[in-house]
Amino acid sequence: MSLRLTNTLSGDKEEFEPLEAGRVGLYSCGPTVYGPAHLGNFRAFVFADLLQRYLRWSGYDVLWVMNITDVDDRIIRDLAGTGGTLEDLTEPHIERFLADLDRLRVQRPDVMPRATQHVAQMAELIARLLERGHAYRTDDGSIFFRISSWPAYGRLARLEPSSARRGERVAADDYGKDDVRDFALWKGPRDGEPSWHTGIGTGRPGWHIECSAMSMHYLGSSFDIHTGGVDLIFPHHENEIAQSEGATGQPFVRTWLHNAHLQMGGQKMARREGNISRPDDVYALGYRPAALRYALLATHYRAPLEYGEDSLEHATAAVERLSTALAALESYRQEGPADDHLSQLLQSARQGFVAGLDDDVNVSAALAAVFEFVREVNRRLDARSLSTADAGRAADLLRDFDHVLAVLDLPEQLPDGAETLLEQRAAARTARDWAASDQLRDELKELGVLVEDTRDGQRWKLRGEVSDG
Ligand SMILES: [Zn+2]
């Protein structure tokens, strides 16, 4: 078995074969930084992170690129009248976005190019489209893509060839064009709006061109995987294909992956629906970042995810179960022979995990294998049939799975003074001084450290308050 992915372009689950053996070029549409991103946005980023972690874990050398849209109509709208620069407006949102990614344990993409720093590449791409007859200028200095010059338009979104359906951002381009379907590559200068002086004139780039220019700049004219939410298929990704292939004559992306919506109360979470929730809102309810990550990734990416307190409660319990199992394995001590069946158990857990993720990133199947493993291991811990070394091997496997899942919530640093109290308490228990032991337990509790007594001695955890994951 090897990795298979459902390619939106073909509609089929295909065997994944990178252009260059062992290497993967991956592009994910990133945030538009005019406000904080919401959970629906983060579902897409957590999925992309799960995918790239799994590809690396499977041995691929991955180059992951995620753009930051730091100029667009909404940003310019918000900028009007502030007297500040684009950067003044976007920088705090970018910082907030990166902090949100970190807490959700989304690894930093290898490259996070900003649109405003790649206008030259965009202008160059537009110049090629003009040369090849796929673009035209209008009187106000704008440049549009001519959809009638691109017969393959609509293939990704499966549009009728004559469809005059308009995307939201197309409708927002109010600059006078030949065909209602044509979309802006470049917008002529307007008073009070930021603009750039380039070989194709003065103005600013349209939104779609930035992803074509930046993805190809870092990953080449053809690359392996492009991710994004389903709402980006049309017109954004359809336009990316037309612009890129129109300019290079090469096939653009081999595999398109689209995640379904995140829903709240049965409705898609979106700013315009007015039902958005952000990571900070979730943490303010007392849920931990690891649980939010779990809730965002535990449903298969192509299925809609219903978000709510139920899913967060379930995720919290799941994270706790995994983390408790790991803590128990790591503190377990038992002299004795190795468990004859452990190797078999480790192997089948690993196979189940890989088989699940190889099947179009079926994370539910992979998690089922992990929980089955935890059940079996807990049974053996209770029966004390594992040796110390066995428990170490089982713990290693859980930690290995977590390089992909990144959901384990392990105890953090003990607060100052707690270490000494724990030692005193262990000594008190050895001396069977229960009164002192209880007293010390209460003192630890005041520091936020909960102590539990087990056969292997006392075990501690931090009180489940919000703290950085
Ligand atoms: Zn994009």
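A quick note: this is a predicted structure, and the numbers were derived from the prediction, not measured.

(A) Local environment of the nonpolar core. Core analysis: the largest hydrophobic core is formed by 83 residues, its most contacted members being Ile225, Tyr294, Leu329, Phe353, Phe373 and Leu398. Counting residues per element, this core draws most heavily on helix H1 (residues 39-57), at eleven residues. Excluding residues that lie within four positions of it along the chain, Phe373 makes contacts with Leu345, Leu346, Ala349, Ala394, Leu397 and Leu398. Counting residues in hydrophobic clusters, the runner-up holds 48 residues, among them Ile76, Ile126, Phe145 and Val253.

(B) Representation of the pattern of salt bridges. With the rule as written, the count across this model stands at 32 salt bridges. When the shortest N-O distance is used, the salt bridge between Lys13 and Asp359 registers 2.7 Å. Residue Lys13 is located in strand E2 (residues 12-15), and its partner Asp359 is located in the loop between helix H11 (342-358) and helix H12 (363-383); the two are separated by 346 residues in the primary sequence. When the shortest N-O distance is used, the salt bridge between Arg108 and Asp102 registers 2.8 Å. Shared partners join several salt bridges into a network, and the residues in it are Asp73, Lys187, Glu193 and Arg204.

(C) Examining the packing of aromatic side chains more closely. On inspection of all chains with the given rule, the structure shows 13 aromatic pairs. Ring centres of Phe47 and Tyr301 lie 4.2 Å apart, and the angle between their planes is 15 degrees; on these two criteria the pair is classed as stacked. With Phe47 in helix H1 and Tyr301 in the loop between helix H9 (289-297) and strand E14 (305-307), the pair connects residues that are 254 residues apart, well separated along the chain. With 5.2 Å between their ring centres and 10 degrees between their planes, Phe145 and Phe183 make a pair best called stacked. Here Phe145 is found in strand E6 (residues 143-145), whereas its partner Phe183 is found in strand E7 (residues 183-187), with 38 residues between them in sequence.

(D) Geometry of H1. Helix length check: H1, at 19 residues, gives a terminal C-alpha distance of 26 Å against a target of 27 Å (1.5 Å per residue), a fit within 8%. Burial analysis of H1 places 17 of its 19 residues in the buried class, the great majority of the element.

(E) Main features of the environment of Glu306. Among the secondary structure elements, Glu306 is positioned in strand E14. Relative accessible area serves as the criterion here: at 38%, Glu306 is assigned to the partly exposed category. Between the alpha carbons of Glu306 and Ile209 there is a distance of 33 Å; along the sequence they are 97 residues apart. Contacts of Glu306, omitting those with residues within four sequence positions, involve Gln263, Met264, Gly265, Gly266 and Ser311. Here Gln263 takes part through its side chain, which lies 3.4 Å from a polar atom of the side chain of Glu306. A polar atom in the side chain of Glu306 sits 2.8 Å from the backbone nitrogen of Gly265.

Conventions and cut-offs
Counting from 1, residues in each chain are numbered in the order their sequence is written. Two thresholds apply to this predicted model, a pLDDT of at least 70 for residue-level local features and 80 or more for giving and counting side-chain atom pairs, whereas whole-chain, interface and lining totals are computed over all residues. Excluded from the side-chain calculation are hydrogens and water; included are all heavy atoms of the structure. What we call a nonpolar core is a set of buried Ala, Val, Leu, Ile, Met, Phe, Trp, Tyr and Cys residues that are connected through their side-chain atoms within 4.5 Å. For every residue, the accessible area obtained with a 1.4 Å probe (protein chains only) is divided by the maximum for its type, and the residue is called buried under 20%, exposed over 50%, and partly exposed between those limits. Strands here mean DSSP runs of E at least two residues long; helices mean DSSP runs of H or I at least four residues long; both are numbered from the N terminus. Contacts were defined at the residue level, with two residues in contact if any of their heavy atoms lie within 4.5 Å. By salt bridge we mean one thing: a side-chain nitrogen of Lys or Arg within 4 Å of a carboxyl oxygen of Asp or Glu. Working definition: rings of Phe, Tyr and Trp (its six-membered ring) pair if their centres are within 6.5 Å, and the pair is stacked with planes under 30 degrees apart, edge-to-face with planes over 60 apart, and tilted otherwise. Given the number of residues in a helix, its expected span is that number minus one, multiplied by 1.5 Å. We call two N or O atoms a polar contact when they sit within 3.5 Å, provided that within protein one can donate a hydrogen and the other can accept it, with sequence-adjacent residues counted only if both atoms are side-chain atoms.

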